[in-house]
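Each chain is listed here by its residues.
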Amino acid sequence: MTRFDVLTVGNAIVDIIARCNDQFLIDNKITKAAMNLIDAERAELLYSRMGPALEASGGSAGNTAAGVANFGGRAAYFGKVAEDQLGQIFAHDIRAQGVHYQTRAKGTFPPTARSMIFVTEDGERSMNTYLGACVELGPEDVEENVVADAKVTYFEGYLWDPPRAKEAIRECARIAHANGREMSMTLSDSFCVGRYRDEFLDLMRSGTVDIVFANRDEALSLYETEDFEKALTLIAADCKIAAVTTGKDGAVIIRGNERHVVDAHPIEERVDTTGAGDLFAAGFLFGYTQGRSLEDCGKLGNLAAATVIEQIGPRPMQSLSEKAKKFGLL
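Everything numeric in this text was worked out from a predicted model, so none of it was measured.

Caption draft 1: Quick look at the pattern of salt bridges. If you walk through the whole model with that rule in mind, you get 21 salt bridges. Across the salt bridge formed by Lys-323 and Glu-310, the nearest N and O atoms sit 3.8 Å from each other. Separated by 13 residues along the polypeptide, Lys-323 in helix H12 (residues 320-326) and Glu-310 in the loop between helix H11 (294-309) and H12 bring together distant segments of the chain. Take Lys-323: its relative accessible area is 12%, and that puts it in the buried class. Here the salt bridges share partners, and the residues they tie into one network are Asp-5, Arg-74 and Lys-151.

Have a look at this one:
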């Protein structure tokens, strides 16, 4: 028996979410549907221009850990916050979800990371992230016993922005593989792929990463092609398992010559896409660590993604376990 099903590693961020129109994005030079890295000065400026906002603990891998726990899985998380109010909010929220979280906070400066997320009428989210304290995550924050005792360790591609986090990830991979465990990553977004394409491909081709999550745009960006079929063929050759989401069309799950096209789970209303990819990974990894078929893993991922799209905020407000049972997936 392992102690954890999934350990996730990522940027510990508090999300500040507000609605806006497309003109607001244009006026404030915000790239729509992307994660834009900003400095402290711009963070203050955008915050001053936001309308009524919801504060919620987020961060891609943190959302995934919370989703795994919501399904009833055993989840752990590594991520760095500061000793400030937002840091306390983040730590409380993730532990309240049932996630093991013991990463030591680091002083009061830089402050805890925050992402100002503007949600337009079409439900699309545009993220503006000040990384703050989360860039301080390093190899000293790797709890060796947790990595060794997690079936899968999953990390976000965004971690390739802060340099010391790379060392932490490579240390996690060393420990995981030494203990017969698996490593997984998400490509995070197409702009992130553009910055680190060669490094991401090396992680996959070297066997450092076993399971890769991407959406359609990220897969196309990774291989610098507009041919989705070509991208799927290439990613299948470069990693053990690839799970590629395709928006309203669902997802494609690939392992070698095995391929499953899994239809999207129906949604009543597209409210906010924040966290959809994170929750897809949560559902998939929960199913995978429970020994479910790849098709079932895809269905669980799509159910979790659909659930979070129907609400504001990146962490599900209802029981994913109960919902999965309702639809005969558990």
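Next comes the rest of the description.
Caption draft 2: A look at helix H3 (residues 60-71). In a regular helix each residue adds 1.5 Å, so 12 residues correspond to 16 Å; H3 covers 17 Å between its end C-alpha atoms and thus fits that length. With 12 of its 12 residues buried, H3 lies for the most part within the structure. Residues Ser-60, Ala-61, Gly-62, Asn-63, Thr-64, Ala-65, Ala-66, Gly-67, Val-68, Ala-69, Asn-70 and Phe-71 constitute the buried set of H3. The positive-phi residue at the C-terminal boundary of H3 is Gly-72, with phi of around 105 degrees.

Caption draft 3: Structural view of the UniProt feature "domain: Carbohydrate kinase PfkB" (unreviewed entry) in the protein chain. As recorded in UniProt, the sites labelled "domain: Carbohydrate kinase PfkB" (unreviewed entry) are residues 57-316. Between the end C-alpha atoms of residues 57-316 the distance is 12 Å, and the span holds 42% helix and 20% strand.

Caption draft 4: Spatial organisation of the packing of helix H10 (residues 276-289) against H11. Where H10 contacts H11, the two axes come as close as 7 Å, and the packing angle between them is 145 degrees. Crossing handedness for the pair H10 and H11: right-handed. Contacts from Ala-276, Leu-279, Phe-280, Gly-283, Phe-284, Phe-286, Gly-287 and Tyr-288 of H10 reach H11 at Leu-294, Cys-297, Gly-298, Leu-300, Gly-301, Asn-302, Ala-304, Ala-305, Val-308 and Ile-309. Grouping the amino acids of the contact of H10 with H11 by side-chain chemistry returns 13 nonpolar, 5 polar and no charged.

Caption draft 5: Representation of the sheet that holds strand S3 (residues 35-37) in the model. Pairing within the open sheet is mixed, and its 5 strands lie in the order S3-S8-S7-S2-S4. Taken across any chain shown, the strands that pair with only one partner, and hence form the sheet edges, are S3 and strand S4 (54-57). Averaged over all neighbouring strand pairs, the angle between strand axes comes to 25 degrees, with direction disregarded. When strand S7 (residues 113-119) meets strand S8 (residues 125-130), the two strands line up antiparallel, connected through 6 bridges. Within S8, the position partnered with Ser-115 by the bridge is Thr-129. Along the sheet, helix H4 (residues 85-96) contacts strand S2 (13-19), S4 and S7; its crossing angle with S4, the most-contacted strand, is approximately 60 degrees.

Caption draft 6: Seen up close, the packing of aromatic side chains. Here the structure, examined in full by the defined rule, presents 13 aromatic pairs. Measuring from centroid to centroid gives 5.2 Å for Phe-71 and Phe-286, while their planes differ by 10 degrees, and the two rings are stacked. In this pair, Phe-71 sits in helix H3 while Phe-286 sits in helix H10, placing the two residues 215 residues apart along the sequence. Grouping residues by exposure puts Phe-71 and Phe-286 together as buried. Three or more aromatic residues joined by ring pairs make a cluster, and in this case those are Tyr-154, Phe-213, Phe-280, Phe-284 and Tyr-288. When the ring centre of Phe-228 is taken as origin, the NZ or CZ atom of Arg-216, which lies over that ring, is 4.3 Å away.

Caption draft 7: Region of interest: the packing of H3 against H10. Contact geometry of H3 with H10 gives a least axis separation of 8 Å together with a crossing angle of 45 degrees. Looking at the two axes, H3 sits oblique to H10. For H3 against H10, the interelement crossing comes out right-handed. Residues Ser-60, Asn-63, Thr-64, Gly-67, Val-68 and Phe-71 of H3 lie in contact with H10, whose contacting residues are Asp-278, Leu-279, Ala-281, Ala-282, Gly-283 and Phe-286.

Cut-offs and rules
Residues numbered from 1 in each chain as written. Predicted model: local features only at pLDDT ≥ 70, side-chain atom pairs only at ≥ 80, totals over all residues. Heavy atoms only, no water. Salt bridge = Lys/Arg side-chain N within 4 Å of Asp/Glu carboxyl O. Helix = DSSP H or I, 4+ residues; strand = E, 2+ residues; numbered from the N terminus. Buried < 20%, exposed > 50% of the residue type's maximum accessible area, 1.4 Å probe, protein only. Expected span 1.5 Å × (residues − 1). UniProt positions renumbered as here; feature names shortened; annotations may be inferred. Axes fitted to C-alpha atoms, helices over the stretch in contact; angles between N-to-C directions. Left-handed = near helix turned anticlockwise from the far one by under 90°. Contact = heavy atoms within 4.5 Å. Nonpolar A, V, L, I, M, F, W, Y, C, P; charged D, E, K, R; others polar. Pairing = 2+ DSSP bridges. Phe/Tyr/Trp six-rings, centres within 6.5 Å; stacked < 30°, edge-to-face > 60°. Lys NZ or Arg CZ within 6 Å of the ring centre and 35° of its normal. Parallel < 35°, antiparallel > 145°, perpendicular 65-115°, else oblique.

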